[in-house]
Amino acid sequence: MLVSGNVILQKAHKENYGVGAFNFVNYEMLSTIFEAADEKKSPIIVQASEGAIKYLGIDMAVGMVKILSQRYPHIPVALHLDHGTSYESCVKAIRAGFTSVMIDASHHPFEENLCETKRVVEVAHCAGVSVEAELGRLMGIEDNISVDEKDACLVNPKEAEEFVKESKVDFLAPAIGTSHGAFKFKGEPKLDFERLIEVKRLTNIPLVLHGASAIPSEVREAFLQSGGDLKGSKGVPFEFLQEAIKGGINKINTDTDLRIAFMSEVRRVANEDKTQFDLRKFFAPAKDFMRKVIAERMEVLGSAGKI
Ligand code: G3H
Ligand code: 13P
Ligand code: ZN
């Protein structure tokens, strides 16, 4: 059933587990996320970036989610706009049928971010749509980073408290040391869990971890085996994801792992049979591997069995 992000994340917040927010750019990714949710009896958030919406068409993005949520009526699913860059973009998504939106004005000064978020919250809440905002900059933290440097880029818990109180936003993404993509950490993985715990204590709302792909060893290996190159890649280890959930994270944004899993199977098939050109021969094994990765993630995050 298509529900607002709040329905899914308030439960996760109260019961202290994480829900995967999985990105999709086509039917193959989207249907695989639903299939894994069905297998694991897990709620899901499916999210489309502005780039994904441009690629698919907003009507198609919403249409596919509606059809799949009718096919799997027992799965609570929220359709979320990932990294909405403006008020206009959020309103377009709400009008089209998204049930949750992110306004990402985190690169603006605090007051501007707050002002833009307030505007989105006002219109979204009238439509029963939940809103996510972000504070701080998404970037990896090095071992030798100074306290001042950390304070300059990561979330400030006191600001988070004020931001949530003033904006009435539903979920907050606090920057605690993750970054997007496959190259998250130069040295050992490191996240600022103390800062996270303080943000949770002061805000007491569902929190979001962006850049949460783990690049598990079997996914990296499959990509390398297929002839891909991921030199220097590093994800967020499963134990860190679980520690982050203990610290108050409830929405776990995951895109890179799905892309790597899918593409390693596409490349493997392409290499193994150079005469092959039936799309289904590439996409069926790619979906299988991606489904395995998502199903395992649902166990790690604790959303399995939560329907
Ligand atoms: O946070 C970014 C997501 O991984 C979506 O990326 O803009 O390439 O669709 P995209
Ligand atoms: P990854 O690149 O780690 O998958 O993060 C995705 C994300 O944060 C989408 O908003
Ligand atoms: Zn993100």
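This text follows the structure it describes.
Residues numbered from 1 in each chain as written. Chains lettered and ligands numbered in written order. Predicted model: local features only at pLDDT ≥ 70, side-chain atom pairs only at ≥ 80, totals over all residues. Heavy atoms only, no water.

Quick question: what am I supposed to make of the coordination of the zinc ion (ligand 3) here?
Think of it this way: four donors in a tetrahedron around the metal ideally sit 109.5 degrees apart, and six in an octahedron ideally sit 90 or 180 degrees apart. His83 (NE2), His180 (NE2) and His210 (ND1) make up the full set of protein donors to the zinc ion (ligand 3), lying at 2.1 Å. If you list the donors of the zinc ion (ligand 3) from N- to C-terminus, the spacing comes out as H-x96-H-x29-H. Highlighted residues: His83 in strand E3 (residues 77–84) and His180 in the loop between strand E6 (171–174) and helix H9 (193–203), separated in sequence by 97 residues. Exposure remark for His83: the relative accessible area of 16% places this residue in the buried category. (Donors = N, O, S within 2.8 Å, 3.2 Å for Na, K, Ca; no water. Helix = DSSP H or I, 4+ residues; strand = E, 2+ residues; numbered from the N terminus. Buried < 20%, exposed > 50% of the residue type's maximum accessible area, 1.4 Å probe, protein only.)

Even after reading the chapter, I still don't get helix H2 (residues 27–40), so can you show me in this structure?
The α-helix winds at 3.6 residues per turn, so residues separated by three or four positions along the chain end up facing the same way. Taking 1.5 Å of rise per residue, 14 residues should cover 20 Å, and H2 covers 20 Å from first to last C-alpha, within 8% of that figure. Within H2 the residues assigned to the buried category are Glu28, Met29, Leu30, Ser31, Thr32, Ile33, Phe34, Ala36 and Ala37. On its buried face, H2 is in contact with strand E1 (19–23), strand E2 (44–49), helix H4 (58–71), E3, helix H12 (256–272) and helix H13 (279–301). The N-terminus of H2 is capped by Asn26, whose side-chain oxygen sits 3.3 Å from the backbone nitrogen of Glu28. Within two residues after H2, Lys41 carries a phi angle of roughly 50 degrees, on the positive side. (Expected span 1.5 Å × (residues − 1). Contact = heavy atoms within 4.5 Å. Polar contact = N/O pair within 3.5 Å; in protein donor to acceptor, adjacent residues only side chain to side chain.)

Where do I start with the packing of aromatic side chains in this structure?
Working definition: an aromatic ring pair is given by the centre-to-centre distance plus the angle between the planes. One pass over the structure, following the stated rule, counts 4 aromatic pairs. Considering the side-chain rings of Phe34 and Tyr72, the 5.9 Å spacing of their centres and the 25 degrees angle between planes classify their relative orientation as stacked. Of this pair, Phe34 sits in helix H2 while Tyr72 sits in the loop between H4 and E3; the two residues are 38 residues apart in sequence, bridging distant segments of the chain. The buried category is assigned to Phe34, whose relative accessible area is 0%. Residue classification places Tyr72 among the buried residues on the basis of a relative accessible area of 12%. A ring pair is formed by Phe193 and Phe240, whose centres lie 5.7 Å apart and whose planes are at 65 degrees; its orientation type is edge-to-face. On the criterion of sequence distance, the pair formed by Phe193 in helix H9 and Phe240 in helix H11 (residues 238–246) is long-range, its members being 47 residues apart. A relative accessible area of 18% places Phe193 in the buried class. Across the ring face of Tyr87, the terminal group of Arg119 is positioned such that the distance to the ring centre comes to 4.0 Å. Across the ring face of Phe223, the terminal group of Arg267 is positioned such that the distance to the ring centre comes to 4.9 Å. (Phe/Tyr/Trp six-rings, centres within 6.5 Å; stacked < 30°, edge-to-face > 60°. Lys NZ or Arg CZ within 6 Å of the ring centre and 35° of its normal.)

What am I meant to see in the site of ligand 1 here?
Neighbouring residues of ligand 1: Asn23, Ser49, Asp82, His83, His180, Asp255 and Arg259. Taking Ser49, its side chain carries an N or O atom lying 2.6 Å from an oxygen atom of ligand 1. His180 has a polar side-chain atom sitting 3.1 Å from an oxygen atom of ligand 1. Protein contact buries 65% of the 310 Å² of open area that ligand 1 shows by itself. (Near = heavy atom within 4 Å. Areas by Shrake-Rupley, 256 points an atom, 1.4 Å probe, with all protein chains shown as cover.)

Teacher, can you tell me more about the pattern of salt bridges here?
When their charged atoms lie close together, side chains carrying opposite charge are able to pair. According to the stated counting rule, one finds 22 salt bridges in the structure shown. Among the ionic pairs, Lys251 bridges to Glu132, the shortest N-O distance being 2.7 Å. Of this pair, Lys251 sits in strand E8 (residues 249–254) while Glu132 sits in strand E5 (residues 130–135); the two residues are 119 residues apart in sequence, bridging distant segments of the chain. For Lys251, a relative accessible area of 1% corresponds to the buried category. Judged by its relative accessible area of 0%, Glu132 is buried. When the shortest N-O distance is used, the salt bridge between Asp255 and Arg259 registers 2.9 Å. Connected through salt bridges with shared partners, the residues Glu35, Lys287, Asp288 and Arg291 form a single ionic network. (Salt bridge = Lys/Arg side-chain N within 4 Å of Asp/Glu carboxyl O.)

Explanation requested: the packing of H2 against H4 in the structure shown.
Helix-helix packing is characterised by the crossing angle of the two axes and by the distance between the axes. Between H2 and H4, whose axes approach to 11 Å, the crossing angle comes to 25 degrees. As the angle between them shows, H2 and H4 are arranged roughly parallel. With respect to the hand of their crossing, H2 and H4 are arranged in right-handed fashion. Residues Tyr27, Leu30, Ser31 and Phe34 of H2 form the contact with H4, whose participating residues are Met64, Val65, Leu68, Ser69 and Arg71. Its residues assigned to classes, the contact of H2 with H4 shows 6 nonpolar, 2 polar and 1 charged. (Axes fitted to C-alpha atoms, helices over the stretch in contact; angles between N-to-C directions. Parallel < 35°, antiparallel > 145°, perpendicular 65-115°, else oblique. Left-handed = near helix turned anticlockwise from the far one by under 90°. Nonpolar A, V, L, I, M, F, W, Y, C, P; charged D, E, K, R; others polar.)

Which parts of the structure should I look at to understand the site of ligand 2?
Close contacts around ligand 2 come from 15 residues, with Asp82, Lys184, Ser213, Asp255 and Thr256 the closest. Within the backbone of Gly181, a nitrogen or oxygen atom sits 2.8 Å from an oxygen atom of ligand 2. Here an oxygen atom of ligand 2 and a side-chain polar atom of Lys184 are 2.5 Å apart. A total of 310 Å² of accessible area belongs to ligand 2 in isolation, and the protein chains cover 97% of it. Looking at the shell around ligand 2, the elements that each hand over two or more residues are E3 and E8.

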